[in-house]
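Breakdown of the fold
Residue-level listing of the chains:
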Amino acid sequence: NLGNALKDLGRPEEAEASYRQAISLKPELVEAHLNLGTALKDLGRLEEAEASYRQAISLKPEYADAHSNLLFLRSHMPTIGAEQLYEEHCEFGRKFEEPVRSSWPLHTNAKELTRTLRIGFVSGDLRHHAVASFIEPILRHLSTREELSLHAYYNYHSVDLVSKRLQGYFASWSRVISLSDADLAEKICADGIDILIDLSGHTAYNRLPVFARKPAPLQASWMGYPGTTGLESMDYYFCDKRWLPQDQFVSQFTEKLLYLPASAAFLPEKEAPAVSALPALGNGYVTFGSFNRSDKINQVTVQVWSRVMRAVPKSRMVLGGVTSDESKQRITDWFAQEGVAADSLTMYPRMGLGEYLALHSDVDICLDAFPYGGGTTIFHALWMGVPTVTLAGGTPPSRGGVTILGSCGLDEFVSRDVDSFVQTGVLMATDVDGLSTIRAGMRARVSASPAWRSELIAQGFELGLRMMWQRWCAGLPAQSLDVDGSYNVVC
C-alpha cells in the first residue's frame, strides 16, 4: 500500500523500494510483483518489468491483470514483431475463454431489427482520464437518440466530478468493481444488454474475463487500447481506415474491424492557451519536442531523434512527462551516446494540463516515439499549432499518428521507415516559413477533421451498431464493416 501511494505521488523509485521490501517479507505476495512490474515500466526498465509480471503469473497463473499488463508492456518493446505480438494476445484469449466457453449463455434478446438497442459500456476510465475525454463528446450525441439506451458498468473504486457528469448520459450507471467476473457477466445478461462495449482492452481496470463469458450477443472493443483483445468472444473492433487498413491489419485482430469516420473524438481543452508564433522565428534555432510518456521512449527512438537533431544545427529538444530522476538520467545518457549534449535537452515532470499545453509555445515540431506512438499528445500538440513527425509502423500502437495527422491533411509528416522519419524531420525543421504557416492555420485545419467532429463519429458509431445488430438478427457471423459503405469486406 505504501508503494501504491508513492507511485500515485509520482515517486516511482521509492515505490520500487517499497514493493521490493514487501516481496522480501512475503515472496508469494503476487500483487507486489505485479505492482513492482508497473513501477519498473514507469521507470523505463521494460525488461525488468517483464520479469516481474511473469513472476506474478507464475505465482498465480489465472491472474488476468498480470497477463494484461504483460501484453501492454510487450506492445512497447521494439524487439517484438507484429505476428508475435498478435499470437501472445491470442494466448490470453485461449487461456481465459476455454474454461468458460461451454457456459456461454443462449441469448434470447428479441431479434427486432429497428427496436431500441440496449448498449452497455464497461470501463474503469469513466472519470478524469483520457478515455473519458474521447468518449464524452460522442456520448453527448448518443444519449439523445431514442433508438439507443445507454448503460454504464463502471469498474473503478471512486468517482470524481467527471464521473458524476458522465452519469447523466446513461439510462443506468452501475459500480461493478466489487463484482466477480461471473456475477458481473450474470448482471449484464440479466440487464438484457444487446451490444456490450469494452473501453479498456489490456489496460488497467479492464474486465476482459467478463467478456470471455459472452454475456451479450454482440461484443466490441473500442478506444482504450490500440490492439486486439485476443478474445474470440469479442466480435468487433472500432477503428478507421487510415489507422488500420484492412489488407494489412485484418490478420492482427481476432475481432472483425468496423470502420468509423475516425477512431475517436477529440475535445479540445476550453482553457487552452492561444497558439503562439513559431518560436524558431525568434530563437534562430529549431526546438523539437516530445510529450510522450517516458516509458515510451526507448534507446532506438532516441537514436533516431538524435540523427534528426545532428542534421539540424543548433537544434534543441523539450521532453515533457519525465517522471523521475532515473528516467531523466537514462534518457540524457542515451542522447549523449549519440552525440547530443545534455545542454541541448530540457526535461519537465508531469504537470497540470494548462502548464503542459503552454509548453508547446516553446516547441516548433514534435517527434513521435515508436513502436508505441502518441495519441492524446499528438491531438494536444495539433491544437497548440505543433505538428508531429510520426512513423507508420507495422503494429496498431505504432500508427496513432498516421490517422490523426492524415485526417488533418498533414500526411507529409507521416514517414514509412526510420530513414524517411529522419528525412522528414530534417526537411520540415528546415522549412521554418512552412512551419509558421501551418501553425497559424492549424486550429482551423483540425476543426474540419473527422476527429474533431464528434457528431460525425457518433452517427457512424450508431450506424455501425445497427449494422452489427441486423447481421446478428439474421443469424449471420460478424464481418468487417464500413459505415460509409465504400466497401464491405467479408473476412
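Here's what I pulled together on the structure shown here. (Residues numbered from 1 in each chain as written. Predicted model: local features only at pLDDT ≥ 70, side-chain atom pairs only at ≥ 80, totals over all residues. Heavy atoms only, no water.)

Description of empty space enclosed by the protein
The final tally for this structure, using the stated rule, is two cavities of 30 Å³ or more. In terms of lining, the largest cavity is formed by 14 residues, of which the most central are Leu85, His89, Gly227, Thr228 and Pro396. Each residue belonging to the lining of the largest cavity can be placed in one class, and the counts come to eight nonpolar, six polar and no charged. Each pocket or cavity is described by its volume, and for the second largest cavity that value is around 70 Å³. Around the second largest cavity, the lining residues are Gly289, Ser290, Phe291, Asn292, Cys366, Leu367, Asp368, Thr377, Ile378, Ala381 and Thr388. Of all elements in the fold, only β8 (287–290), β11 (365–367) and α16 (376–383) reach the threshold of two or more residues within the lining of the second largest cavity. Top contributing element to the lining of the second largest cavity by residue count: α16, with three residues. Its residues assigned to classes, the lining of the second largest cavity comprises five nonpolar, five polar and one charged. (1 Å grid on protein atoms, 1.4 Å probe; cavity = no way out; pocket = protein on both sides within 12 Å on 5 of 7 lines; lining within 4 Å. Points joined across faces, edges and corners; volume = space filled by probe spheres on them. Nonpolar A, V, L, I, M, F, W, Y, C, P; charged D, E, K, R; others polar. Helix = DSSP H or I, 4+ residues; strand = E, 2+ residues; numbered from the N terminus.)

Considering the pattern of salt bridges
A complete count under the given rule lists 30 salt bridges for this structure. Of the charged contacts, one joins arginine 20 and glutamate 48 as a salt bridge, the two residues approaching to 3.9 Å between their closest N and O atoms. Taken as a pair, arginine 20 in helix α2 (residues 12–25) and glutamate 48 in helix α4 (residues 46–59) lie far apart in primary sequence, 28 residues in all. Taking relative accessible area as the criterion, arginine 20 reaches 38% and is therefore assigned partly exposed. Of the charged contacts, one joins lysine 241 and aspartate 482 as a salt bridge, the two residues approaching to 3.0 Å between their closest N and O atoms. Taken together, the residues span a long stretch of sequence, with lysine 241 in the loop between β6 (236–239) and α11 (246–249) and aspartate 482 in strand β14 (residues 481–482) at a distance of 241 residues. You can call aspartate 482 buried: its relative accessible area is 3%. Each of Lys7, Lys41, Asp42, Arg293 and Asp295 takes part in salt bridges that share partners, so that together they form one network. (Salt bridge = Lys/Arg side-chain N within 4 Å of Asp/Glu carboxyl O. Buried < 20%, exposed > 50% of the residue type's maximum accessible area, 1.4 Å probe, protein only.)

Things to note about the pairing of strand β5 (residues 218–221)
Successive residues of a regular strand alternate their side chains across the two faces of the sheet. The alternating pattern of β5 places Leu218 and Ala220 on one face and Gln219 and Ser221 on the opposite face, and all of these are buried. Where strand β4 (residues 195–198) and β5 come together, four bridges link them in parallel fashion. Along β5, the bridge assignment pairs leucine 196 with glutamine 219. In this sheet, β6 lies alongside β5 in parallel orientation, the contact comprising two bridges. Note that in β6 the partner of serine 221 across the bridge is tyrosine 237. (Pairing = 2+ DSSP bridges.)

Topic: the sheet that holds β6
Reading across the sheet, the eight strands line up as β3-β2-β1-β4-β5-β6-β7-β14 and stay open at both edges, with parallel pairing between neighbours. Every interior strand has two partners, whereas the edge strands, β3 (172–175) and β14, have only one.

Structural notes on the pairing of β6
The alternating pattern of β6 places Tyr236 and Phe238 and Tyr237 and Cys239 on opposite faces, both of which are buried. Strand direction decides the pairing type here: β6 and strand β7 (residues 256–259), joined by four bridges, are parallel. Bridge pairing links tyrosine 236 to lysine 256 in β7.

Observations concerning the packing of aromatic side chains
In this structure the tally under the stated criterion is 23 aromatic pairs. Their ring planes at 85° and their centres at 5.7 Å tell us that phenylalanine 72 and tyrosine 372 sit as a pair that is edge-to-face. Of this pair, phenylalanine 72 sits in helix α5 (residues 64–74) while tyrosine 372 sits in the loop between β11 and α16, and the two are 300 residues apart along the sequence. Here the two residues phenylalanine 72 and tyrosine 372 agree in accessibility, since each one is buried. An aromatic cluster is present here, built from Phe121, Tyr154, Tyr156, Phe170, Trp173, Tyr205, Trp222, Phe238 and Phe461 joined pairwise through their rings. The ring of tryptophan 472 has lysine 111 lying over it, and the distance from NZ or CZ to the ring centre is 4.8 Å. Directly above the ring of tyrosine 156 sits arginine 127, whose terminal nitrogen or CZ lies 3.7 Å from the centroid. (Phe/Tyr/Trp six-rings, centres within 6.5 Å; stacked < 30°, edge-to-face > 60°. Lys NZ or Arg CZ within 6 Å of the ring centre and 35° of its normal.)

Quick notes on α4
For α4, built from 14 residues, the straight-helix expectation of 20 Å at 1.5 Å per residue is met to within 8% by its first-to-last C-alpha distance of 20 Å. Along α4, the positions that sit buried rather than exposed are Leu46, Ala49, Glu50, Ser52, Tyr53, Ala56 and Ile57. One side of α4 holds all its buried residues, which, seen down the axis, span an arc of 165°. Buried residues in α4 make contact with α3 (30–42) and α5. (Expected span 1.5 Å × (residues − 1). Arc of directions from axis to C-beta. Contact = heavy atoms within 4.5 Å.)

Nothing here speaks to function; it is all geometry.
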